[in-house]
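Examination of the molecular architecture
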Amino acid sequence: MAFTFFMRDQPTLEYAADHMIGYATGRSRIKIWDAGCALGQETYTIAMIFAQKMNSFGFKNLRIDATDYDSANNFGDVVKAATYPYEELQRTPAELFQKYFEPADKPGHHRVVPLLRDRVNFQYHDLLSLKAPGGDYCLVVCKNVLLHFQYPERVEVFKMFHQALAPGGYLATENTQKLPQEVAHLFQQVVPDAQLFKKIGA
């Protein structure tokens, strides 16, 4: 399970979008994996950032696989409902809040608009299974999850991310979580002030 909130580590996600959009131009399917999505705040932050930066045609080709370890499926219910109390949305810039949220049936709550909800697919997934939920991802985002794992486990999870990425795809991780030396040859850091990497090799 990841702990996160709306607009958390926005600069890294902006970097990721800027690099990935150019890389993915022309693809009929653009896939992102948000690994450790918790209740979906990070997932919908990603969706907002890409909706702002992509044209409408390209954004309709985008799919975000949001996953977390949740056998009770409570995360999945929340991610699919995409309804959050206003207190959780106060970090969201006003123009994005007005554009991408609508009043929900529950007082004091707002729901993510269908434009974004339709791009998100929640799946139950245990990262330590070391089997990705899909492949050919243009971007994998994994933040505030790996710190809960033992070092050898983190190494194996990074190897899984490498396999799940399309050639030349991108990986965004927690700024406090450095890339293990054992997998440094698999990725190239693309900006100096964020943990954003490009896949090396097939």
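Residues numbered from 1 in each chain as written. Predicted model: local features only at pLDDT ≥ 70, side-chain atom pairs only at ≥ 80, totals over all residues. Heavy atoms only, no water.

Under the annotation held in an unreviewed UniProt entry, the protein chain carries the name Chemotaxis protein CheR and is attributed to Geomonas subterranea.

**A few points about the overall build of the protein chain**
Filter applied, for reference: Secondary structure is summarised from DSSP: a helix means a run of H or I of at least four residues, a strand means a run of E of at least two, and numbering begins at the N terminus for each. When we talk radius of gyration, it's over C-alpha atoms, and the globule rule is simply 2.2 Å times the number of residues to the 0.38. To sort residues, take the accessible area from a 1.4 Å probe on protein chains only and compare it with the maximum for the residue type: under 20% means buried, over 50% means exposed, and anything in between is partly exposed. Contacts between residues were defined by any pair of non-hydrogen atoms, one from each residue, lying within 4.5 Å. Calculation of accessible area relied on Shrake-Rupley with a 1.4 Å probe; when residues are assessed, cover is drawn exclusively from the protein chains displayed. Two residue types count as positive, namely Lys and Arg, and two as negative, namely Asp and Glu; His and chain ends fall outside the count. All charge positions are set by atom: Lys at NZ, Arg at CZ, Asp at CG, Glu at CD.
What the protein chain contains, in helices and strands, is seven helices and 10 strands. Over its C-alpha trace the protein chain gives a radius of gyration of 16 Å, about what one expects of a compact globule, namely 17 Å for 202 residues. Projected onto its principal axes, the C-alpha positions of the protein chain cover 50 × 35 × 30 Å. With 202 residues in all, the protein chain has 52% of them scored as buried. Considering only contacts within the protein chain whose residues lie at least 6 apart along the sequence, 74% involve residues at least 24 apart. Put simply, the protein chain shows about 9400 Å² of open surface, and 52% of that area lies on carbon and sulfur atoms. Between the centroid of the 21 positive side chains of the protein chain and the centroid of its 22 negative side chains there is a distance of 6 Å.

**Some points on the sheet that holds strand β5 (residues 109–112)**
Our working rule: A strand pair is defined by DSSP finding two or more bridges across the two strands. To define axes, lines are fitted to C-alpha atoms, for helices over the stretch in contact only, and angles between the resulting N-to-C directions are given on a 0 to 180 degree scale.
If you walk across this open sheet you meet the three strands as β3-β5-β4, and the pairing is antiparallel. Strands with a single pairing partner mark the edges of an open sheet, and in this sheet they are β3 (83–85) and β4 (101–103). Averaged over neighbouring strand pairs, the angle between their axes works out to 40° when direction is ignored. The sheet contact formed by β3 and β5 spans three bridges and is antiparallel. By the bridge assignment, Y84 is partnered in β5 with H110. Running at roughly 95° to β3, helix α4 (residues 74–81) makes contact with β3 and β5 of the sheet.

**Describing the sheet that holds strand β7 (residues 137–142)**
The strand order across the open sheet built from seven strands is β6-β2-β1-β7-β8-β10-β9, with neighbouring strands paired in mixed fashion. Each of the sheet's edge strands pairs with one partner strand only, and the pair in question is β6 (120–124) and β9 (187–189). Taken pair by pair, the neighbouring strands of this sheet meet at an average axis angle of 20°, ignoring direction. Across three bridges, β9 lies against strand β10 (residues 196–199) in antiparallel orientation. Bridging from a neighbouring strand, Q188 pairs with K198 of β10. Contacting β2 (62–68) and β6, α4 crosses the sheet at an angle of about 175° to β6.

**Quick notes on the layout of surface pockets**
What counts is decided by this rule: A 1.4 Å probe that fits into a set of points on a 1 Å grid over the protein atoms alone but cannot get out defines a cavity; an open set with protein on both sides within 12 Å along at least five of seven lines defines a pocket, and lining residues are those with an atom within 4 Å of a point. Grid points are joined across faces, edges and corners, and a volume is the space filled by probe spheres set on the points. In this classification, the charged set is Asp, Glu, Lys and Arg, the nonpolar set is Ala, Val, Leu, Ile, Met, Phe, Trp, Tyr, Cys and Pro, and all remaining amino acids, among them Gly, are polar.
Each pocket or cavity is described by its volume, and for the largest pocket that value is around 170 Å³. Surrounding the largest pocket, I21, A24, T25, G26, R27, I30, K53, M54, N55, F57, G58 and N61 form its lining. Every element with two or more residues in the lining of the largest pocket is listed here: α1 (10–24) and α3 (56–60). Looking at the lining of the largest pocket residue by residue, the classes come out as five nonpolar, five polar and two charged.

**Focus: the pattern of salt bridges**
Heads up, the condition is: Only one rule defines a salt bridge in this text: a Lys or Arg side-chain nitrogen within 4 Å of an Asp or Glu carboxyl oxygen.
Applying the stated criterion across every chain, the model contains eight salt bridges. We note a salt bridge from D136 to R27, for which the minimum N-O separation is 3.2 Å. In this pair, D136 is assigned in the loop between β6 and β7 and R27 in the loop between α1 and β1 (30–35), connecting sequence segments 109 residues apart. Taking relative accessible area as the criterion, D136 reaches 39% and is therefore assigned partly exposed.

**Some details on α4**
So the rule is basically this: This arc describes the spread of directions from the helix axis toward the C-beta atoms.
If you check which residues of α4 are buried, you get F75, G76 and V79. Considered in projection along α4, the buried side chains sweep an arc of 95° and stay on one side of the axis. Looking at the buried side of α4, the elements it contacts are α2 (41–53), β2, β3 and β6. Positive backbone phi, approximately 55°, marks A82, located one or two places after α4.

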